[in-house]
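# Structural characterization, general
Given next are the chains, with one letter for each unit.
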Amino acid sequence: MARIFSGIQPSGELHIGNYLGAVKNWVQLQATHPGAIYCVVDYHAITGSYDPAVLRARRWGMAKSLLAAGIDPAKAVLFMQSDVPEHTELSWIFTTITPLGDLERQTQFKDKSAKVESIPAGLLMYPVLQSADILLYRADSVPVGEDQIQHLELARDTSRKFNLKFGVEYFPEPKPLLTPTRRIMGLDGNAKMSKSLGNTIGLLETDDEIWQKLRPAMTDPQRVRKSDPGRPEVCNIFQLHKAFNDETTVTNVAAQCRTAGWGCMDCKKVLLEGMVQELTPIRRRSEDLDAEPQQVLDALADGGRTARGIAQQTISEVREIMGLGAMTAAALG
Ligand code: SF4
């Protein structure tokens, strides 16, 4: 059975973009891959300037949303990265086998470092920590969206380099496990859905709040009048139908759009129904967790203990392989 690892930034409560692009798939995978490891990667959230109080609230918001969205601590391991300090130890070890040039070439580093005057070394080392996150659990499968496949390359390289340098077959080469939902664009239809761009819908928003955002959302730009036939394949609302509605509804939406049987408002109302059906139980679970926050704390504590057990075993074996294991009189000869 493949071991799955995936991480998510502590960006506060989930929105439908990261729910559809990652977490919904995580929930399905925990059924087929018991023991899947899901991590809130809070060490990754400190490479830029930030407010500690905001970060604390966002870590909490993300952990709570993941549980509300259906991550089940009885099936999966959910934990906070900073509860397992072995991530940073393995990251240091990997910096010693990672060429500087490979890090400087990373697109994300080039983009982000161009925007700051003084570049924190953590920004450069970020992908090394990412490799450590995955390989610490010797995960062989990483659920990712299409646009993240290249992020896995460094982890695969690192695994190969470590095994070659020490003449072992210790780390697996983690493979991408493609998330079925295509990348969801923001409601403005222009950019990836992102909280900072304000073009998304929060997973815990009320039915009315969802409708207020859906109503003005971008559709097929060529469809000006209700009598104009639409092109579902270029419409972002249609992508959302595919994510939230069953096949029969989706087929009907496409037909109604192409024949101008429905206007875009009719179409959005059908989408709203599908969204409300899927998101209401999530919102209810979140309200329950708000009423009993100890459930979140217990889940994270249990997950942290399990993750740390695996991580300590890996670190102990890695130290042994590297000549850093415990020194004993017998071993010294
Ligand atoms: Fe998009 Fe629906 Fe309007 Fe067609 S009818 S353009 S799928 S919102």
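For the structure itself, consult the block above.
Summarised in this report is the structure supplied together with it. (Residues numbered from 1 in each chain as written. Predicted model: local features only at pLDDT ≥ 70, side-chain atom pairs only at ≥ 80, totals over all residues. Heavy atoms only, no water.)

### Concerning the side chain of Thr158
Checked against the element boundaries, Thr158 lands in helix H7 (residues 149-166). A polar atom in the side chain of Thr158 sits 2.6 Å from the backbone oxygen of Leu154. Setting aside residues up to four positions removed in sequence, Thr158 forms contacts with Phe94, Ile97, Ser131 and Leu135. (Helix = DSSP H or I, 4+ residues; strand = E, 2+ residues; numbered from the N terminus. Polar contact = N/O pair within 3.5 Å; in protein donor to acceptor, adjacent residues only side chain to side chain. Contact = heavy atoms within 4.5 Å.)

### Brief notes about the packing of helix H9 (residues 236-244) against helix H10 (residues 247-258)
At their nearest, the axes of H9 and H10 sit 8 Å apart, and the two run at 160° to each other. It follows that H9 is roughly antiparallel to H10 by the angle criterion. Here H9 runs over H10; the crossing is right-handed. Residues Phe238, His241 and Lys242 of H9 lie in contact with H10, whose contacting residues are Val250, Val253 and Ala254. The residue inventory of the contact of H9 with H10, partitioned by class, reads four nonpolar, one polar and one charged. (Axes fitted to C-alpha atoms, helices over the stretch in contact; angles between N-to-C directions. Parallel < 35°, antiparallel > 145°, perpendicular 65-115°, else oblique. Left-handed = near helix turned anticlockwise from the far one by under 90°. Nonpolar A, V, L, I, M, F, W, Y, C, P; charged D, E, K, R; others polar.)

### Thoughts on the site of the ligand
As a structural note, the neighbourhood of the ligand is formed by Thr219, Asp220, Arg223, Cys235, Ile237, Phe238, Cys257, Cys264 and Cys267. Where the shell around the ligand is concerned, the elements lending two or more residues are H9 and helix H11 (264-291). Of the residues assigned to the shell around the ligand, the class counts are six nonpolar, one polar and two charged. (Near = heavy atom within 4 Å.)

### Observations regarding the side chain of Asn163
As for its position among the elements, Asn163 is in helix H7. Here the side chain of Asn163 touches Phe171 through a polar contact of 2.8 Å, landing on its backbone oxygen. The contacts of Asn163, once residues within four sequence positions are left out, are Val168, Glu169, Tyr170 and Phe171.

### What to know about the pattern of salt bridges
As enumerated under the stated definition, the model contains 21 salt bridges in all. Of the charged contacts, one joins Arg138 and Glu317 as a salt bridge, the two residues approaching to 3.7 Å between their closest N and O atoms. With Arg138 in the loop between helix H6 (121-135) and strand S4 (141-144) and Glu317 in helix H12 (residues 294-322), the pair connects residues that are 179 residues apart, well separated along the chain. For Arg138, a relative accessible area of 30% corresponds to the partly exposed category. Given a relative accessible area of 26%, Glu317 falls into the partly exposed group. (Salt bridge = Lys/Arg side-chain N within 4 Å of Asp/Glu carboxyl O. Buried < 20%, exposed > 50% of the residue type's maximum accessible area, 1.4 Å probe, protein only.)

### Some words on the sheet that holds strand S1 (residues 5-8)
Strand pairing in a sheet relies on backbone hydrogen bonds, with the paired strands running either antiparallel or parallel. The three strands are arranged S1-S2-S3 in an open sheet whose pairing can be described as parallel. A single partner strand is all that each edge strand has here, and the edge strands are S1 and strand S3 (77-80). Going from strand to strand, the sheet's axes swing by 20° on average, the running direction of each strand aside. Judged from the four bridges that link them, S1 and strand S2 (residues 37-40) form a sheet pairing that is parallel. Counterpart to Ile8 in the pairing with S2 is Val40. Together, S2 and S3 form the strand contacts of H12, whose direction differs from that of S3 by roughly 95°. (Pairing = 2+ DSSP bridges.)

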